[in-house]
Amino acid sequence: MRICAPHQHNHDMAKFPEGTVVELKSGGPHMTATGTASGAPGKVYCEWFDGNTLKGASFDEESLKPAEPKHVSVGSRPRSRR
C-alpha cells in the first residue's frame, strides 16, 4: 500500500531543496524531500522505501533534519596467496 498526499514540486523549498536526503529528528528511515505539500506551508513531502515498497508522506519541516551519512563498515581484504 502506498501512503500518499497531494504534493507539488517546488524548486524554491527554503529549508530542504528537492532531492535532499532527510530524516525525522526523532529517528527513522532516510527519506528524500520531493516537494511541498499542496496548500500546506511549512510541510515537506518525502518519499522512502520500506523494503521494496515506495512510501510517501508530508512532514512539518521543523520535524526534519538533514540525514546523517550512514556509516558502512569495510571488511578486511582477503590476503593474496603466494
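Since this is a predicted model, take the numbers as computed values, not measurements.

Colleague: An account of the pairing of strand β4 (residues 43-50) is needed here, citing residue identities and associated values.
Modeller: Two strands pair when backbone bridges link them, and strand β3 (residues 31-37) and β4 are joined in this way by 4 bridges, in the antiparallel orientation. Paired with Thr36 across the two strands is Val44, which belongs to β4. Counted between consecutive antiparallel strands, the loop separating β3 from β4 contains 5 residues, among which Gly39 sits at a positive phi close to 65 degrees. Sheet topology note: the β4/strand β5 (residues 53-60) ladder contains 8 bridges and is antiparallel. Note that in β5 the partner of Val44 across the bridge is Phe59. Taking the residues between adjacent antiparallel strands as the criterion, β4 and β5 are bridged by 2 residues, where Gly51 takes a positive phi near 70 degrees.

Colleague: Can you break down the packing of aromatic side chains residue by residue, with the values?
Modeller: As enumerated under the stated definition, the model contains 1 aromatic pair in all. Centre to centre, the rings of Trp48 and Phe59 are 6.1 Å apart; their planes meet at 50 degrees, and the pair counts as tilted. Note that Trp48 is positioned in strand β4 and Phe59 in strand β5, a separation of 11 residues in sequence. Phe59 shares its class with Trp48; the two are buried.

Cut-offs used in this document
Sequence order as written defines the numbering, with residues in each chain counted from 1. Residue-level local features of this predicted model are given only where pLDDT is at least 70; pairs of side-chain atoms are given and counted only at 80 or more, and the full residue set underlies all totals for whole chains, interfaces and linings. For side-chain calculations, the full set of non-hydrogen atoms in the structure is used, while hydrogens and water are omitted. Strands are treated as partners if at least two bridges between them are detected by DSSP. Runs of E in the DSSP output that reach at least two residues are strands. Runs of H or I that reach at least four are helices, and both are numbered from the N terminus. Between rings of Phe, Tyr and Trp, where Trp is taken as its six-membered ring, a pair exists when centres lie within 6.5 Å; planes separated by under 30 degrees are stacked, by over 60 edge-to-face, and by other angles tilted. Only protein chains enter the accessibility calculation, which uses a 1.4 Å probe; a residue whose area is less than 20% of its type maximum is buried, one above 50% is exposed, and one in between is partly exposed.

Honestly, that's just the spatial picture; any functional story needs more than this.
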